[in-house]
Every structure is written in structure tokens, then in C-alpha cells.
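The residues making up each chain are set out below.
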Amino acid sequence: MRINKTAIQEFNQPLLGDHQRRFDFLAGGIPNVEDVITRLMEFQVAIPSWALGTGGTRFGRFSGSGEPGNLEEKLEDVGLIHALNQSSGAISLHIPWDIPGNLADLKLLAAQLDLRFDAVNSNTFQDQPGQEHSYKFGSLHHVDPAVRKQAVEHNIEVIRHGESLDSKALTVWLSDGSSFPGQLNFRKAFRNTLESLQEIYAALPDDWKIFVEYKAFEPNFYSMTVGDWGQSLLYANKLGDKAFTLVDLGHHLPNANIEQIVALLMMEGKLAGFHFNDSKYGDDDLTVGSIKPYQLFLIFNELVEGMDARGMNHASDLGWMIDASHNVKDPLEDLLQSVEAIMLAYAQALTLDRKKLEMAQSANDVVAAQEILQETFRTDLRPLVAEARLRAGGALQPLGLFRQLAIRKQLIKERGLKSVATGL
């Protein structure tokens with residue numbers, strides 16, 4: 001299914017008057033409003049191929065209906081999201097859940113939908129049908145060289161798939177770890193993992209990056225071989241200039257100061273980018289901005305300050321991707337909400353009066369610094385985000401148009417009630 005531009009224009013028409021009034025009122029107080037709109041229009045958030053189906057919990061999965069049953073249908077779903085919000089122009093594939101088949105047809109479809117292929121993701125946290133060696137006790141850190149070799153070869157295979165799609169990065173997340181004291185020799189596990197990553201790194205094309213993701217716990221609960229940003233940074237530094245630390249917002253212990261982590265990784269030039277989601281307790285993979293919207297704004301505040309300090313391109317020098325699991329929502333609605341939350345936090349960071357904040361910080365004026373941050377956070381910048389979307393050809397209210405067009409019902413009609421997304 002595809003949405004034509006006429007449908008979007010017809011939906012926007014009766015909303016234009018109210019939108020223009022709200023935008024004009026807001027724009028009068030933003031000195032650099034045109035620059036902000038341009039940056040918002042350029043900013044794109046990749047949609048992961050595994051997020052287009054209904055997610056699950058540790059105890060079960062309750063599939064939705066009309067889910068994409070193959071990679072082509074997943075591309076079409078991302079195309080729907082992008083047509084609505086004009087901010088989701090990339091898809092991130094997970095191998096082997098979504099192995100590309102007919103490359104020429106797949107790349108043609110992506111071009112027709114105005115999509116590119118973002119970072120490719122490997123999977124050594126599950127055993128696949130026909131797999132010779134099990135990852136029950138780890139992959140890249142495994143005590144058995146044969147298991148490590150299998151995991152390395154899989155990652156290299158993923159790189160080759162990515163090359164064929166013009167991707168430029170490999171994301172590695174390891175579930176390797178231990179659940180009980182004494183189960184693992186930490187030093188040997190680190191060395192094994194480093195040697196495995198070095199083999200993968202050696203297979204990277206010259207213009208590629210490798211993103212090393214970390215996670216504090218789960219599926220192992222005593223130790224994780226890449227358990228925090230410091231361990232990831234240690235690997236990245238040892239690997240070389242093409243290795244970076246990937247931050248997943250849910251991969252931290254409760255109340256971790258993620259914005260400080262981001263600032264330091266930016267300072268060291270080792271921040272790869274983000275897997276965006278939200279959480280209440282751990283790696284909950286909830287809709288972005290649904291639990292801690294202020295923290296999301298504070299993170300973007302550090303991102304914008306850090307990128308500007310290093311002269312970086314906001315849209316292309318870091319990787320931006322959602323990583324969420326929608327177990328009770330329509331996945332496409334959830335993704336529309338997540339992208340909107342990201343764009344809003346980015347707009348807030350762009351409009352912050354940074355000079356005033358720096359003056360307050362230099363004067364140790366704690367009260368003024370808090371007021372400056374919270375004044376920006378409490379300002380309703382949704383008309384600004386909507387204006388950028390409108391100029392790019394999107395819907396003023398993407399979720400509203402999704403429901404007005406009854407897109408999920410149409411997908412069910414095309415794919416059936418029992419269609420279940422691949423992967424997950």
C-alpha cells in the first residue's frame with residue numbers, strides 16, 4: 001500500500017489555517033526559525049525492520065494483523081511512515097531475520113519509496129535453524145574457537161549483505177555474559193571478544209563503521225561481556241578509527257545519566273549514534289518520549305552542543321534509529337509517535353538559547369540554568385515540527401491521517417488477519 005501526495009494535501013487543507021496561526025505565533029519568538037526548519041527537514045530517523053511487527057514480552061507474543069510477511073512488505077511499511085512524516089527515510093535490516101533476496105528489485109523498491117538502507121545488524125544472540133554450533137554460552141567470547149569462528153563469519157556475511165545495499169555500518173550487539181559467579185573468566189572473555197571483533201573489523205570496507213552496542217543486563221544477569229559504555233569504548237578504542245560506541249537508551253541501569261555519557265563519548269569522537277526508545281525499569285523498549293521526555297530533551301541538548309562544537313553534520317555524522325518493541329500498540333502508530341517525539345526533542349535542543357545557558361553555567365547560576373532549560377522544554381514546539389513536515393510534503397498530523405485512511409484495515413485486507421512479521 002502507498003499513500004499518494006493528493007491524499008496528504010487534501011488532509012492538510014482544512015488544518016492549514018489553524019496551523020499557520022499557531023506557527024506564526026511561535027516563530028515570532030525564534031530568531032533562527034528558518035535554520036531550525038531546514039535542519040528538521042534534513043533530519044531522518046531510521047526504522048528497524050524488526051519493529052514493523054508486534055513485539056512481545058519474555059512470556060509471550062500477541063501478534064497483530066496485517067503484519068509484513070517479507071522484506072518487501074517491510075519496506076512498504078517504512079515507506080508509509082515516511083510518506084506521512086517525511087522524517088523516516090531509512091530502514092535498518094536485521095540479518096538473518098531479513099536477508100535481502102532480489103537485490104535489483106529491492107533497491108528499486110527502496111528508491112521508489114525514497115528510502116535508503118541504514119546500518120545492518122547481526123544476530124549472535126539466537127540459534128538459527130541448521131546452525132552448527134549453539135550460542136547458549138556466548139558467541140564472540142565463547143570458550144570454543146569453533147563457536148567464535150561461526151559468529152565472526154556471520155558478522156562478515158552481514159557486512160557483505162550491507163555492501164550490496166549501500167549500507168555503511170555494522171551494528172554488533174552481544175548477549176554474551178554469565179548468569180552466575182564463577183561461570184566465566186572475565187579476562188579471557190574480554191580477550192576472546194576483542195580478537196573476534198578484530199577479525200570482523202578487518203573485514204570492514206574502507207568507508208564503513210562498526211557500532212559496538214552495550215547492555216547492562218539481560219539475557220545474562222551476573223555479567224555482560226559488553227555491559228556498559230566504558231567497556232564498549234574500550235573495545236572501540238582498541239579496534240581503531242572505524243569503531244564507535246552505540247547508545248541504546250534502554251541499555252542502562254535505572255536513573256543512569258545518559259546525557260553525561262553522550263557528552264563524554266562526543267568529546268572523545270567515539271559516539272556512533274542511537275537506538276531510541278524509552279523505559280521505566282530497564283530495557284522496556286517503550287515508545288520514545290512516553291516515559292521520560294525531559295531526559296530525551298536533555299540528551300539532545302548535549303548532542304546539539306557536542307556536534308556543533310565538533311563541526312559535525314547533524315543529519316549524517318551520527319546514526320539515528322529507533323529500537324522498540326510494540327506489544328500492545330499498532331507498530332506503525334507507535335513508530336509515528338516515536339519519530340514525532342525525537343523530532344520534538346531535536347527542535348527543543350535547536351531552539352535553546354545556548355549563549356544564555358553558557359553564561360549561567362559560567363556564573364554558577366544554577367537557578368538560571370534550570371529556568372533556561374525548562375522554559376525551552378515547556379514551550380510547545382509541535383507547530384515548528386509540523387511546519388518542517390509540511391514543507392517536506394508530509395502530513396500536518398501523521399497519526400491522524402493514518403487513522404483517517406484506515407491504513408491498518410487496508411493492510412489487513414491485503415495481507416490477512418493472520419499475517420505475522422518475520423523475525424522477533
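Quick look at the structure, then. (Residues numbered from 1 in each chain as written. Predicted model: local features only at pLDDT ≥ 70, side-chain atom pairs only at ≥ 80, totals over all residues. Heavy atoms only, no water.)

### Brief notes about the side chain of T124
The following threshold applies: For helices the rule is a DSSP run of H or I covering at least 4 residues; for strands it is a run of E covering at least 2, with both sets numbered from the N terminus onward. The buried label applies to any residue whose accessible area, calculated with a 1.4 Å probe on protein chains only, is under 20% of its type's maximum; exposed applies above 50%, and partly exposed to all values in between. A 3.5 Å cut-off defines polar contacts: any pair of N or O atoms within that distance qualifies, except that in protein one atom must be a possible hydrogen donor and the other a possible acceptor, and neighbouring residues in sequence count only when both atoms are side-chain atoms. Contacts are residue-level and defined by heavy atoms, with any inter-residue pair within 4.5 Å sufficient.
Within the secondary structure, T124 is located in the loop between strand 4 (120-121) and helix 6 (145-164). Note on T124: relative accessible area 1%, which makes it buried. Within the local environment of T124, its side chain forms a polar contact with the side chain of S139, the two groups lying 3.0 Å apart. What T124 contacts, discounting residues up to four positions off in sequence, is Y135, S139, A151, H154, N155, W173, L174 and S175.

### A word on the nonpolar core
Selection criterion: In these notes, a set of buried Ala, Val, Leu, Ile, Met, Phe, Trp, Tyr and Cys residues joined through side-chain atoms within 4.5 Å is what counts as a nonpolar core.
Residues F274, F300, L303 and L384 are the most contacted members of the largest nonpolar core, which totals 106 residues. The dominant element in this core, judged by the number of residues it contributes, is helix 11 (residues 331-351), at twelve residues. Residues in contact with L384, not counting those within four places in the same chain, are F23, L26, I30, V33, V36, I37, L40, A347 and T351. Formed by eight residues, the second largest nonpolar core is a distinct cluster that contains L357, A369, I372 and L373.

### Considering helix 3 (residues 33-42)
The cut-off we apply is this: In this description, the arc belongs to the directions extending from the helix axis to the C-beta atoms.
Residues of helix 3 that are buried: V33, V36, I37 and L40. Projected down its long axis, helix 3 carries its buried residues within an arc of 100 degrees, all on one side. On its buried side, helix 3 packs onto helix 2 (16-27), helix 11 and helix 14 (382-392).

### A short note on the pairing of strand 5 (residues 169-172)
Rules: In short, DSSP must find at least two bridges between two strands for them to pair. Assignment of crossover handedness uses the view with strands pointing away from the viewer, where a clockwise path from the first strand over the helix to the second indicates a right-handed crossover.
Residues of strand 5 alternate between two faces, with A169 and T171 on one and L170 and V172 on the opposite face, all of them buried. Note: strand 4 against strand 5, two bridges, orientation parallel. Looking across to strand 5, one finds that N121 is bridged to T171. Running through helix 6, the crossover from strand 4 to the neighbouring parallel element strand 5 is right-handed. Across four bridges, strand 5 lies against strand 7 (residues 209-213) in parallel orientation. By the bridge assignment for strand 7, V172 is matched with V212.

### What to know about the sheet that holds strand 5
Inclusion rule: Orientation is described by axes fitted as lines to C-alpha atoms, over the contacting stretch for helices, and by angles from 0 to 180 degrees between their N-to-C directions.
What the six strands build is an open sheet, ordered 4-5-7-9-10-11; its pairing is parallel. In the strand order of this sheet, the two ends are held by strand 4 and strand 11 (319-322), each with one partner. Lying on the sheet, helix 7 (residues 186-202) is in contact with strand 5, strand 7 and strand 9 (243-248); it crosses strand 7 at an angle near 155 degrees.

### Some thoughts on the pattern of salt bridges
How we decide: We define a salt bridge as a contact between a side-chain nitrogen of Lys or Arg and a carboxyl oxygen of Asp or Glu at a distance within 4 Å.
Applying the stated rule across the entire model yields 21 salt bridges. Here D207 and K168 are joined by a salt bridge, their closest N and O atoms 2.6 Å apart. Of this pair, D207 sits in the loop between helix 7 and strand 7 while K168 sits in the loop between helix 6 and strand 5, placing them 39 residues apart in sequence. With relative accessibility at 46%, the residue D207 sits in the partly exposed group.

### Some thoughts on the packing of aromatic side chains
Note the cut-off: Note on ring pairs: Phe, Tyr and Trp rings are taken, using the six-membered ring of Trp, and paired if centres are within 6.5 Å. Classes follow the plane angle, with under 30 degrees stacked, over 60 edge-to-face and the rest tilted. Put simply, a charge is over a ring when the Lys NZ or the Arg CZ is close to the ring centre, within 6 Å, and near the line of the ring normal, within 35 degrees.
With the rule as written, the count across this model stands at 17 aromatic pairs. Plain terms: the ring middles of F274 and F276 are 5.1 Å apart, the flat faces sit at 10 degrees to each other, and that makes the pair stacked. For the pair shown, F274 and F276 are each scored as buried. Judged by centre distance (6.0 Å) and plane angle (40 degrees), the rings of Y294 and F297 are tilted. Of this pair, Y294 and F297 both sit in helix 10 (residues 293-309), three residues apart, which is roughly one turn of the helix. Relative accessible area serves as the criterion here: at 0%, F297 is assigned to the buried category. Grouping aromatic residues by their ring pairs yields a cluster made of F43, F274, F276, F300, W320 and Y346. Above the face of the F244 ring, K270 is positioned so that its terminal group lies 5.3 Å from the ring centre.

### So, the sheet that holds strand 3 (residues 116-117)
Spatial strand order, 1-2-3: three strands in an open sheet with parallel pairing. Only two strands of the sheet have a single neighbouring strand rather than two, namely strand 1 (47-48) and strand 3. Here strand 2 (residues 90-92) runs beside strand 3; their pairing, made up of two bridges, is parallel. Across the sheet, the residue bridging to I91 is F117, located in strand 3.

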